[in-house]
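Residues per chain, in single letters:
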Amino acid sequence: VSTDDLAQLVLNTIDRDGAIASSADLRFQGQPVENQALHGALSSLERREMITYETIEFDKWVLTAEGADIEANGSHEAKVFNAVPADGLAIGDLAKKVGAESAKIGQGKAFKNKWIGKGKNGQLVRLVASIRDVTQEDLATIKKTHAHPDAKVLAELKKRKLCDKEKVTHYRVAKGPHFSTVIVKQATDLTVDMLLSGSWQNLDFKKYNFDALGQEPSGGHLHPLMKVREEFRQIFFEMGFEEMPTNRYVESSFWNFDALFQPQQHPARDMHDTFFLKNPATSNRFPKACMEQVKQVHSTGGFGSIGYGYDWKEEEAEKLLLRTHTTAVSSNMLYKLAHQEGGFTPAKYFSIDRVFRNETVDATHLAEFHQVEGVIADVGLTLGDLIGFINVFCQKMGVTNIRFKPAYNPYTEPSMEIFSYHQGLGKWVEIGNSGMFRPEMLGPLGLPDNVRVIAWGLSLERPTMIKYGIDNIRELLGHKCDLEMIQKNPICRLDKKMGREN
Ligand code: PHE
């Protein structure tokens, strides 16, 4: 039955009868109509104000299988009564006549009703000439009317599991202000033609359905990493940091390693750890005066250092690579800060971007990931400043319980790994690395003697995976990443503390 058929049926019925007291009586081609389809037809007619309708809910009483059996064949006690002939029945024969169940249940009731009793020599005998099987009559009433005038009877029969109630919905329908038996097709769009011909004036326009859900836009979903990155950016901005330009994945070894006082024999500079470029393989576009200083500090020392004492080669510094850390950008920025017009001024820099390492890919490692890095350069900064800044930063991202552990980096001294207590894992986990840049790094970059630079770095992937409950990095990034996950994941809110308490 189509919605249109039902709508027409409703209109015709109202036209004939004036209203519909209960939709239960509606018949389409002799069949009762299904409620859900009817509701669809009614709401569409109501939107056109052709009808109004009310929903009526009530209980409908129906017989259970056992109740239906009793309604048809009589109650157990009536069966027992009918099985006892005028001249009595041996108790042992009752079950044979009425079945074990009726014999068991019906006997007691028949006794209680004083329909039967025990005669001489223990036989069952009738005590009355005839009986009324009230249970059967009550069930017949329920079967016919789906109700019973006596609520006590209903409760009693329900308790005996002979009947039960169902909730049913009916509709009461009346004429609306625009009642008619003819359903005129409604116009949905106002067209240029309608305006030109003036036909819009006589058209019935479909009403807007403000309850309809809008279509979900299919584009422009941010990746979870980008959502968390945005939260981190806000933390840095709140703390007065400036964003470094990291839109360059390829760096020379000079900025990535040499300027960071990382010796040319260092294992990280091996092909197995770093992706080097083939074409072009090299670039010498780094400041030569600075390079000379770097060369000197590596090979013979300077700035209070004895250096590494090896033969530093420019060819090695020219090798192009995919940056292995964003500290390559920090070294470049510190050089620019030292050489800006007017000389050095204090600065707070940050970056959040991609880095690349030639790693074996597993559940927690990819060959590329994102680093979050903060760098502060000022006169006379101390390790206490570094610890303080990291504490505030971590607090703002919702991490309050942190500890530091001495570590080693070629470019920082002292160096500290940052640990946070992970409630879920019940242990301290490493969340980042930090340190004070060495004089062997800052001197060749041209920074004044009394300037100290503190810095720290975290990965973006780890907090993102924790935040979004993703435990395999390949589900977050790369070809196995489920695009639907990206569309559906919620916005990121780090539980960061705001305001003056920090
Ligand atoms: N560059 C370091 C790394 O790759 C992180 C770091 C940044 C360490 C700044 C100290 C200071 O892990």
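Structure report, in brief. Residue numbering note: each chain is counted from 1, following its sequence as written. Reporting of local features is limited, given that this is a predicted model, to residues whose pLDDT is at least 70; pairs of side-chain atoms are given and counted only at 80 or more, and all residues count toward the totals for whole chains, interfaces and linings.

**Here we look at the overall build of the chain**
At step 1: Every helix listed is a DSSP run of H or I at least four residues long, and every strand listed is a run of E at least two residues long, numbered separately from the N terminus. Counting its secondary structure elements, the chain contains 19 helices and 15 strands.
At step 2: Exposure criterion: with C-beta atoms placed from backbone coordinates, a residue whose C-beta has 20 or more other C-beta atoms within 10 Å is buried, one with 12 or fewer is exposed, and one in between is partly exposed. Counting all 502 residues of the chain, 29% fall into the buried class.
At step 3: In this description, any two residues whose backbone-derived C-beta atoms lie within 7 Å of each other are considered to be in contact. Within the chain, residue pairs in contact and separated by at least 24 positions form 70% of the contacts whose partners lie at least 6 positions apart.

**Let's talk about the packing of helix α1 (residues 3-17) against helix α2 (residues 35-47)**
Relative orientation and spacing of two packed helices are given, respectively, by the angle between their axes and the distance between those axes.
At step 1: Axis geometry follows a simple rule: fit a line to the C-alpha atoms, using only the stretch in contact for helices, then measure angles between N-to-C directions, giving values from 0 to 180 degrees. For the pair α1 and α2, interaxial distance at closest approach is 9 Å and the crossing angle is 70°. Comparing the axis directions of α1 and α2 gives the class roughly perpendicular. Pair α1 / α2 crosses with right-handed handedness. Of the residues in α2, those touching α1 at T3, L6, A7 and V10 are A37, L38, G40, A41, L42, S44 and L45.
At step 2: A breakdown of the residues in the contact of α1 with α2 according to their chemical character gives 8 nonpolar, 3 polar and no charged. For this classification, under 35 degrees means roughly parallel, over 145 means roughly antiparallel, 65 to 115 means roughly perpendicular, and everything else is oblique. Handedness of each helix crossing follows the sense of rotation of the near helix against the far helix: counterclockwise by less than a right angle gives left-handed, clockwise gives right-handed. Side-chain classes follow a simple rule in which Ala, Val, Leu, Ile, Met, Phe, Trp, Tyr, Cys and Pro form the nonpolar group, Asp, Glu, Lys and Arg form the charged group, and the remainder, Gly included, forms the polar group.

**Observations regarding the nonpolar core**
At step 1: For the purposes of this analysis, a nonpolar core is taken to be any set of buried Ala, Val, Leu, Ile, Met, Phe, Trp, Tyr and Cys residues that are connected through C-beta atoms within 7 Å. The biggest cluster of nonpolar side chains holds 51 residues, and the ones touching the most others in it are L334, M441 and V453.
At step 2: Setting aside residues no more than four positions away along its own chain, M441 makes contact with A259, L260, F261 and Y411.
At step 3: In this structure, M50, I51, Y53 and Y171 belong to the second largest nonpolar core, which totals 15 residues.

**Considerations on the site of the ligand**
At step 1: Taken together, H325, T327, E373, N409, T412, N433, S434, G435, A455, W456 and G457 are the residues near the ligand.
At step 2: Going through the elements one at a time, β14 (427-437) and β15 (451-459) are the ones with two or more residues in the shell around the ligand.
At step 3: For the shell around the ligand, a count of residues per class yields 2 nonpolar, 8 polar and 1 charged. Residues are counted as near a molecule or strand when the C-beta atom, derived from backbone positions, lies within 6 Å of that molecule or strand.

**Remarks on the pairing of strand β11 (residues 368-379)**
At step 1: Most of β11 is tucked away, with 9 of its 12 residues classed as buried.
At step 2: A pair of strands is considered paired only if DSSP assigns at least 2 bridges between the two. By the bridge criterion, 10 bridges tie strand β10 (residues 347-356) to β11 in an arrangement that is antiparallel. If you follow F356 over to β11, its bridge partner there is E368.
At step 3: Taken together, the 9 bridges between β11 and β15 define a ladder with antiparallel strand orientation. Looking at β15, one finds that V372 is bridged to L458.

**Here's the deal with the sheet that holds β10**
At step 1: Ordered in space as β7-β10-β11-β15-β14-β13-β12, the 7 strands form an open sheet in which the pairing is mixed. Sheet topology places β7 (242-243) and β12 (402-409) at the edges, where each strand pairs with a single neighbour.
At step 2: As paired elements, β12 and strand β13 (residues 412-422) share 7 bridges and run antiparallel to each other. Bridge pairing in β13 places R403 opposite F419.

**A closer look at the environment of E359**
At step 1: Among the structural elements, E359 can be located in the loop between β10 and β11.
At step 2: Look at E359 and you get partly exposed, because 13 C-beta atoms sit within 10 Å.
At step 3: E359 sits 87 residues away from H272 along the chain, and the two C-alpha atoms are 7.8 Å apart.
At step 4: Excluding its chain neighbours within four sequence positions, the residues that come into contact with E359 are H365 and A367.

**Regarding helix α7 (residues 134-145)**
At step 1: An ideal rise of 1.5 Å per residue puts 16 Å on 12 residues; α7 measures up with 16 Å between its terminal C-alpha atoms.
At step 2: Turning to α7, its buried residues are T135, D138, L139 and I142. The buried residues of α7 occupy an angular sector of 95° when the element is viewed end-on, so they sit on one face. The exposed residues of α7 that point more than 90 degrees off its buried face are E137, K144 and T145.
At step 3: On its buried side, α7 packs onto β3 (51-63), α3 (65-73), α8 (151-159) and β6 (163-175).
At step 4: H146, located one to two residues past α7, shows a positive phi value of around 60°. An expected span of 1.5 Å times one less than the residue number is assigned to each helix. When we speak of the arc, we mean the arc of directions from the helix axis to the C-beta atoms.

**Details of the packing of helix α4 (residues 76-83) against helix α5 (residues 91-98)**
At step 1: Between α4 and α5, the least distance of the axes is 10 Å, while the angle of their chain directions is 115°. Relative to α5, the crossing made by α4 is right-handed. Contacts between α4 and α5 involve K79, V80 and A83 on the former and, on the latter, L94, K97 and V98.
At step 2: Across the contact of α4 with α5, the residue classes tally to 4 nonpolar, no polar and 2 charged.

**Some points on helix α6 (residues 100-112)**
At step 1: With 13 residues, α6 ought to run about 18 Å at 1.5 Å a step, and its terminal C-alpha atoms sit 19 Å apart, in line with that.
At step 2: Within α6, the full set of buried residues consists of S102, G106 and A110.
At step 3: Looking at the buried positions of α6, the neighbouring elements they touch are α4, α5 and β4 (116-118).
At step 4: Positive phi shows up at K114, right after α6, with a value of about 60°.

These figures capture arrangement, not role.
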